[in-house]
Structures are given as C-alpha cells and as structure tokens.
Amino acid sequence: MISLKRILPLLLVLGLLTSLPADASPLEDRLESLEARLGSRGSGQLSQYEKGVRRLEDNLQKDEYLYLGRFIRNEILSPWREIENGFLMGLAQNPPSNLTGSQRQRLHWNTAKVKQVTQKLRRVRRLVTRASNLNTENQRRERELTRTLNQYERNLTLMQAEDPAAARLHSAWLDENFLPAFETLRARNDQLAQRFDRLADWNREGNMRTWLKQVGEVAEVVENLNRRYQ
C-alpha cells in the first residue's frame, strides 16, 4: 500500500500540472504574431505608417510648399515674360557670322534670365518630387498594412469558430486599439494625398505643358548661341 508520504508529493505535482495554462493554439499564435506585426502606436507597421504621414504633413506645411504658386508666378513666370524669345529664335534661325556689341549684350542679358527661370523650375521639380516620393511611400505602407489586416481578420474569423472566448479578446484589441488609430491615420493620409495632387497639378493646368516645352526649347537655343558666340 502506498504511504501517505509518497502520495502527497504526487498530488502536489498533479495539482501544479493541472493549474498550468494550456498551450496556445497555432491559430492564436498566428493572431498574436499578426498583432505584433500590425502593432499600435509606437510599434509595428502602424508606427511606420504614422511616421510617413507625419513626414509628408511636415513637408507640406513648409513655406516652400504653402507658397509654391506665388513662387512660380513671381520667380518663374514673371522673369519669363521679360525674355526676348523672338530675338533669340531669330539669331538661332539666321545666325550672323559675328554679333554686334548690342546683340552680344542682349544675348548675355537673356541668357541670365533663361538661367534664372530654368534654375527655379528645377527647384520646383525637386520639391514636387520630394513630396511625390513621400506620398508614394505612404500609399505603399498603407497597402502593406491593409494586407496584414486582411490576414488578421481572416484568422480572427477562424478563431471565432475555434475558441469564441479567446477570439473576443483579439476582437476587442482590433476594435478598441488598432482600428481607431488606423482609421485616423488613413483619413489624414487621404487629405494629404489630395493636397499633393493639387500641388502636382501645377504643370498640368491650362497650357503649362506647352509652356514648359517652350522653355526647354529656348534654353537649348540659348546654350547653342552661347557656344557659337563664346
């Protein structure tokens, strides 16, 4: 007969074993892994998305973006109106063997104006390209985050059938923690995307494309004239 001294340790071990939590199911492990990947504020894909949205917001709040239209009017379009396109094209079509002093002076003056316009245009293009890269990156991060979220929701649906009690905990995390933060960021990013679209449209309004082509042609003419009459 087993003595009481030998039974008590066995009962103690048995009690400890029965009190240990059951191993998480593979499905719950998957949900927890996806939660870590999605994250909330301070970690995961959501955090990276938030940083990107904030970077674009900060850029578009800078004066160089807020007053881009005024910059284009004052620093690009106004100087362009002063350039003697007819004079430059006339020299290019019927180049004299030598320039008179007046012609050389006018060529130098127009060269400076064309250089001013093309330099300012390059600055505008850099600004738009910078914003475009940030906007594109935000759209990419949002797509990745949405794909992970779709995976999470599919697994949560399976978990609801397997273990409704555990599923409720994950569902609460989704509804109370993740989704409100994600939807707020997505709304901010949508507004930024609309602002960027208006910014990027500066060279597609009216006859702007035709004008930009003309600037390129005149800049090439000026370069060739200066090379010819250096």
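No experiment lies behind these values; they were computed from the predicted model shown.

### Some details on helix H3 (residues 44-60)
Taking 1.5 Å of rise per residue, the 17 residues of H3 would be expected to cover 24 Å, and the 25 Å separating its terminal C-alpha atoms lies within 8% of that figure. Every buried residue of H3 is accounted for by Gln45, Leu46, Ser47, Tyr49, Glu50, Gly52, Val53, Leu56, Asn59 and Leu60.

### Section: the side chain of asparagine 135
By the element assignment, asparagine 135 lies in helix H7 (residues 101-162). Asparagine 135 sits in the buried class, given a relative accessible area of 9%. Setting aside residues up to four positions removed in sequence, asparagine 135 forms contacts with Leu56, Ala193 and Phe196.

### Things to note about the nonpolar core
Counting 58 residues, the largest nonpolar core has Leu88, Phe178 and Trp211 as its most contacted members. The set of elements that each furnish at least two residues to this core consists of helix H2 (26-38), H3, helix H5 (68-82), helix H6 (85-93), H7, helix H8 (164-200) and helix H9 (208-228). The element that contributes the greatest number of residues to this core is H7, accounting for 14 residues. Not counting residues up to four positions away in its chain, the partners in contact with tryptophan 211 are Ile76, Leu77, Trp80 and Leu121.

### Concerning the pattern of salt bridges
Tallied over the full model, the rule gives 11 salt bridges. Between glutamate 75 and lysine 120 there is a salt bridge whose closest N-O contact spans 3.7 Å. Within this pair, whereas glutamate 75 is found in helix H5, its partner lysine 120 is found in helix H7, the two being separated by 45 residues in sequence. Given a relative accessible area of 28%, glutamate 75 falls into the partly exposed group. A relative accessible area of 23% means that lysine 120 is categorised as partly exposed. Several salt bridges share partner residues, and in doing so they unite Glu137, Arg140, Arg141 and Glu144 into one network.

Parameters and conventions
Residues numbered from 1 in each chain as written. Predicted model: local features only at pLDDT ≥ 70, side-chain atom pairs only at ≥ 80, totals over all residues. Heavy atoms only, no water. Helix = DSSP H or I, 4+ residues; strand = E, 2+ residues; numbered from the N terminus. Expected span 1.5 Å × (residues − 1). Buried < 20%, exposed > 50% of the residue type's maximum accessible area, 1.4 Å probe, protein only. Contact = heavy atoms within 4.5 Å. Core = buried A, V, L, I, M, F, W, Y, C linked by side-chain atoms within 4.5 Å. Salt bridge = Lys/Arg side-chain N within 4 Å of Asp/Glu carboxyl O.

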